Structure formats: C-alpha cells, structure tokens
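Residue-level structure breakdown
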Amino acid sequence: MGSTARVPGAVSWEPWTIADIKTDIKETGKSFPRNVAYIDNLKLDPELQPTQYQLTGTHPESTILITDVKILDSTGREPYRGDVLIRGEKIVAVGQVPNKDDLQKDPRVRVFNGKGRTLMSGLGDGHTHFTWNGGDLARLGELGVEEHVLLTVKSAQCFLDSGYTMCFGAASAKDRLDVVVRDAINAGDVPGPRYMANGREIAKPDGDLVAGITAFAEGAEEMRRTVRRHIVDFGVDNVKLSMSGEEICDARSAQDCFFTDEETAAAVDEAHKYKKRVCAHARARDSVTQCIKHGVDVIFHGSYVDDEGMEMLEQTKHRQFIVPAINWLWATSFEAEAFGYSHEAAEKAGYKKELEIAVAGLREMHRRGIVVLPGGDYGFAWTPHGTYARDLEHFVKLLDFTPHEAIIAATAGVAALLMRGDELGKIQPGYYADCILVNGDPLEDITVLQDHSKLDVIIINGRVHKAGRKEYIVDTSGALTTGVQSTKHLEVDYPEMKPAMQKAY
Ligand SMILES: [Zn+2]
C-alpha cells in the first residue's frame, strides 16, 4: 500500500466558499490575459515531443475566405475586425487579405461572410475520455468491444461538433479504443478532433476507481512492464496513473494516495524513456507532491495540494500542467440528484468540501503563474458529452480567470499541452486552420461557447466540418446576402482525394 494522508496539509492561501461565486462573468476592463506569459514561459522537454500526426484529406488547393470577422487570435490581443484566408490545411493571411476582391470573385474560393461574428481557434480539452458512455462507468467494463468502438467514434464526433479541435486523452476504457479511433480520425475515416490517445488507467490493486476499465500494477517492475505494454503494444501517446481515491467510491478517499514513491518514479521514468508523457489522477495531497517530485507531466485535479506542494509546483511550473476537471466536482455536488446521487449524499461524501478546497488552491495556482487548463472528465451521466465548454464558464466563475484568459487556456494552452503551440491554437498565418465562427461575443458571455447553435461554422485542418443553414441562404432578389456563395463551389472541379479502401487494420 502507498502512503495515505487523510488529514489535508496546511494551506496559507485565501479560502474560497460557494458563497464567493462570481456572478458577473463579463470581461471587466481590458486587462491583458495573464496566462499568455505563463504559457509562453513553458519549457517542455523536447525529448518528449509527441508523435506528429497529420489529419489527411484536405486538398492542398482548397481555399476558404472568411470576411468581416472579429478575430480573437489567442495571442492576448483584443479582438479586431478583419478577414482570414485559409489555403489547404493552413491559415495563410489574417487581418488584411491580399487580393481579397479577386478571391471573392473566384469560383474556386469558398467564401463565408462573417458579418462581424467572432472567429477564434477551435477549443481544446486537456482531460478527455472518448470512451466514457455518459452513464454508468461500472458497466463500461462489460460493454462489448463492437458497441464500444461505435460509442467512442460518436464521442469523438461530438467533441468536434462542440467546436473542439484538440483533445488530450486521459484514459480509455479498453486498451486500444483511443488508439484505433485516433488513427481513424487521422486517416479521415471518422470526424473528430486532433487527439492524443491514452490506454487504460494504471492503478494499484485495491486502489482502482472502476475495476473493469483499469490496468493493475504493483511495485516498480510491474509499473514499468505495464507502461511499456501500453506504449509498445498498444500505441498510446499518454500514460495515465490513477494515484488517489475518489469520494464516490466509498472505500477510496480522494485524500488517500495509493502509489509509493518508487512506483511513481518507475512509471514516469519508463514512459519518458519511450518519449511519452504521464498524466495522473491525483486528488490527494501526497499524490500531488509525488507527481511533482517524480516529474508527472500533467496533474489532474490537484484538489488537496498544500503549502509544500504549491511551493514545489511553483518551482516546476515551466514543465507541468494542471488540469482540474472542475466540472466533475461541481456537477457531482449540485447536479447529480436526478441520477440518484442526492445533494446530501454528495455533501456527506465530501464533494462540496473538496470543491471549495480545490477552487481555493486553483485560484492560488493561477495567481502564481502555474498553467491551469480546462478539460473536464465529460462522459459521466451528469457530465454528459457535448457540454465540454462548461469548463470555460467554471474557470471564469470559480477560478478567477477573465473570459479572455479562459479562452487563452482552452486554445493556446491546450495547444501547448499537445506540444504544438507553434502551429495550433491561434488564428495566425502559418497555423493549422482549426477554427470556429461564433455567433456572439465569448468575451462578453463565455457561455455562448456552450450553445452549439451559435457555433455557426467549424473548420478543422482547413476542412469545413460544419456550416449552418444560414451560411447558404440566397436572397430572392438574386443577390447573395449572407454566407457562402453556394452556387460557386459547384464549379470547382478538383480531382477527388480518395482514401484507400484497404487499410492496415
Ligand atoms: Zn478522468
């Protein structure tokens, strides 16, 4: 058994309670988003650069012109009015587009009339479970592999439908589900975001959260073997350790850490040897400090961090990410009643208390320049797929991020987590064309990103995944009043890009 620490450590920062919740979530003033510098200051080990996957299927000659948009470019700059040109997979011009008039007349160019709507980077989620079923996790272990593949494909598409173009896999319910769906997305076979795949979460015997979806290991040698199997045999991009408990599992407190120092150190060392990064479910004080001490790259939750852990984290903030998945604590405390987990039961289990302690710690991290990213354990019954952008609202209401900071975290921040900050997550020339056209101003109202009907256009890798009906409306007078000049692209006659029917799988 690992160390346990039921008594939380001392904390010296300002406490936070539900009564302190922020109700005004508008952008106040025009302060420059603080986390631009936090993200820029990251110095991640280049040895751990992930496999560079490409999404296939975008024709290199494909050209998209988006005119008259409010460009929220994720550099920290205030949104400004301009045009954006996409050619092939990449953004080639932002603000002023050369030869705009010629492009507008060119029948091979797809034109969107932005009409002042907001164009921003596609969103990113730092803690993703494609394989969670939106219901009872305990039953996931029993779900047939055939049904499970379909479910996984469906959630991948749901992320993209929700405006998410980058996701960091935080554990898969079966060994290869994440990997197979990642490869299918990259091959252009199924729609989905850019994805870093995970395997089953690795836990100690008697330290699991859900036995049927867990890979068990005990002792340093077995940790190394299991990590190796995930990387070499299954092809994962990330390795997940499940180090602490979770209040909903009665016998495994969120304040208990089940891993020993030797086990954590061995798992990280082995993964890094194979150039893969490690993320960890770490709610307990001791699991957080072990993560920092042994170089876990991405710390999930971090609820019970204490003074010692916070000091350590500040020292290592250039190489570690915190992804709190705060919606789980929020929804379990306040929204699980309809699913048979009453508010009283949640409070008794300690969720509300954990929420308050976690929020206080996360606010302190944000003050100290530690990179905190959205991403949130969506796919449970009361945290359903498709509601991912609630995380940004929580960041503003609970964690004292400005709306601009929440957007920076979800775009440039998650791109940095994918170690692709120089080509993803911003509306800049040279960046991959992953972007969303939003009917509304997310800086005025961050919740607009939760409304799929306001995500008018979704583009990934220079391909239009979604263009709502209003982009096609043609004026009866014959003049095109809005959106795409739909008659135009009928004249386009590119050779078809056809994926091979027989794939390696
Ligand atoms: Zn999770």
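Worth saying up front: this structure is predicted, and the values here are computed from it rather than measured.

On to the side chain of Thr411. Structurally, Thr411 is set in helix H13 (residues 403-417). Residue Thr411 is classed as buried on the basis of its relative accessible area, which comes to 0%. Other than its neighbours up to four places away in sequence, Thr411 contacts Ser74, Met120, Ser121, Gly122, Leu123, Met166 and Gly425.

On to the domain arrangement of the protein chain, then. As assigned here, the protein chain comprises domain 1 (18-27 + 124-415) and domain 2 (63-122 + 427-491). Each side of the interface is counted separately: domain 1 has 28 residues, and domain 2 has 27 residues. Surface buried jointly by domain 1 and domain 2 totals about 2,200 Å² across both partners, of which 62% is contributed by carbon and sulfur atoms. Sorting the residues of domain 1 by area buried against domain 2 places Arg194, His404 and Ile407 first, and these three jointly supply 26% of that buried surface. Applying the counting criterion to the domain 1 and domain 2 interface returns one salt bridge. Across the pair Arg194 and Asp434 runs a salt bridge whose closest N-O atoms are separated by 2.7 Å. Secondary-structure elements contributing two or more residues to the side of domain 1 that touches domain 2 are helix H3 (145-161), strand S7 (164-169), helix H12 (390-397) and H13. For the side of domain 1 that touches domain 2, the element with the most residues is H13, which contributes seven residues. Of the residues that constitute the side of domain 1 that touches domain 2, the class distribution is 13 nonpolar, nine polar and six charged.

Our next topic: the pattern of salt bridges. Per the counting criterion, the structure on display carries 31 salt bridges. The closest approach of N and O atoms between Arg228 and Glu270, which form a salt bridge, is 2.9 Å. Of this pair, Arg228 sits in helix H5 (residues 219-234) while Glu270 sits in helix H6 (residues 261-273); the two residues are 42 residues apart in sequence, bridging distant segments of the chain. Assessed through its relative accessible area of 27%, Arg228 is described here as partly exposed. Residue classification places Glu270 among the buried residues on the basis of a relative accessible area of 2%. Residues Glu364 and Arg368 are paired through a salt bridge, measuring 2.8 Å at the closest nitrogen-oxygen approach. Take Glu364 and Arg368: they sit in the same class, and that class is buried.

With parallel pairing, the three strands of this open sheet are ordered in space as S6-S7-S8. Only two strands of the sheet have a single partner each, and these edge strands are strand S6 (123-128) and strand S8 (194-196). Taking each pair of neighbouring strands and ignoring which way they run, the sheet shows an average axis angle of 15°. Relative to S7, S6 runs parallel, the two being bridged by four bridges. Paired with Asp125 across the two strands is Cys167, which belongs to S7. Running at roughly 135° to S7, H3 makes contact with S6 and S7 of the sheet.

A word on the pairing of strand S15 (residues 435-438). Burial along S15 is two-sided: Cys435 and Leu437 facing one way and Ile436 and Val438 facing the other are all buried. Bridge count for strand S5 (residues 118-121) against S15 is four bridges, and the pairing is antiparallel. Paired with Ser121 across the two strands is Cys435, which belongs to S15. Inspection of the sheet shows S15 paired to strand S16 (residues 455-460) by four bridges, in the antiparallel sense. Residue pairing in the sheet places Val438 in a bridge with Leu455 of S16.

Right, let's get into the packing of H6 against helix H7 (residues 285-294). At a minimum axis separation of 9 Å, H6 and H7 run at an interaxial angle of 45°. Classified by the interaxial angle, the pair formed by H6 and H7 is oblique. You can see that H6 and H7 cross each other, and the crossing is right-handed. Where H6 approaches H7, its residues Asp261, Thr264, Ala265 and Val268 are matched on the opposing element by Gln290, Lys293 and His294. Split by residue class, the contact of H6 with H7 holds two nonpolar, three polar and two charged.

Within the secondary structure, Ile39 sits in helix H1 (residues 35-40). We classify Ile39 as buried; its relative accessible area is 10%. For Ile39 and Ile408, which are 369 residues apart along the polypeptide, the C-alpha to C-alpha distance reads 9.1 Å. Those residues in contact with Ile39 that sit more than four places away from it in its chain are Val371, Ile408, Ala412, Gly413 and Ala416.

Right, let's talk about the side chain of Asn238 for a bit. With respect to the secondary-structure elements, Asn238 resides in strand S11 (residues 238-242). Under the relative-accessibility criterion, Asn238 is labelled buried at 0%. Of the polar contacts made by the side chain of Asn238, one reaches the backbone oxygen of Met196; its length is 3.5 Å. Look past the residues within four positions of Asn238 in its chain and what remains in contact with it is Phe168, Gly169, Met196, Ala197, Asn198, Gly199 and Arg277.

Parameters and conventions
- Residues numbered from 1 in each chain as written.
- Predicted model: local features only at pLDDT ≥ 70, side-chain atom pairs only at ≥ 80, totals over all residues.
- Heavy atoms only, no water.
- Helix = DSSP H or I, 4+ residues; strand = E, 2+ residues; numbered from the N terminus.
- Buried < 20%, exposed > 50% of the residue type's maximum accessible area, 1.4 Å probe, protein only.
- Contact = heavy atoms within 4.5 Å.
- Domains from an automatic or database assignment.
- Buried area = accessible area lost by both parts, 1.4 Å probe.
- Salt bridge = Lys/Arg side-chain N within 4 Å of Asp/Glu carboxyl O.
- Nonpolar A, V, L, I, M, F, W, Y, C, P; charged D, E, K, R; others polar.
- Pairing = 2+ DSSP bridges.
- Axes fitted to C-alpha atoms, helices over the stretch in contact; angles between N-to-C directions.
- Parallel < 35°, antiparallel > 145°, perpendicular 65-115°, else oblique.
- Left-handed = near helix turned anticlockwise from the far one by under 90°.
- Polar contact = N/O pair within 3.5 Å; in protein donor to acceptor, adjacent residues only side chain to side chain.

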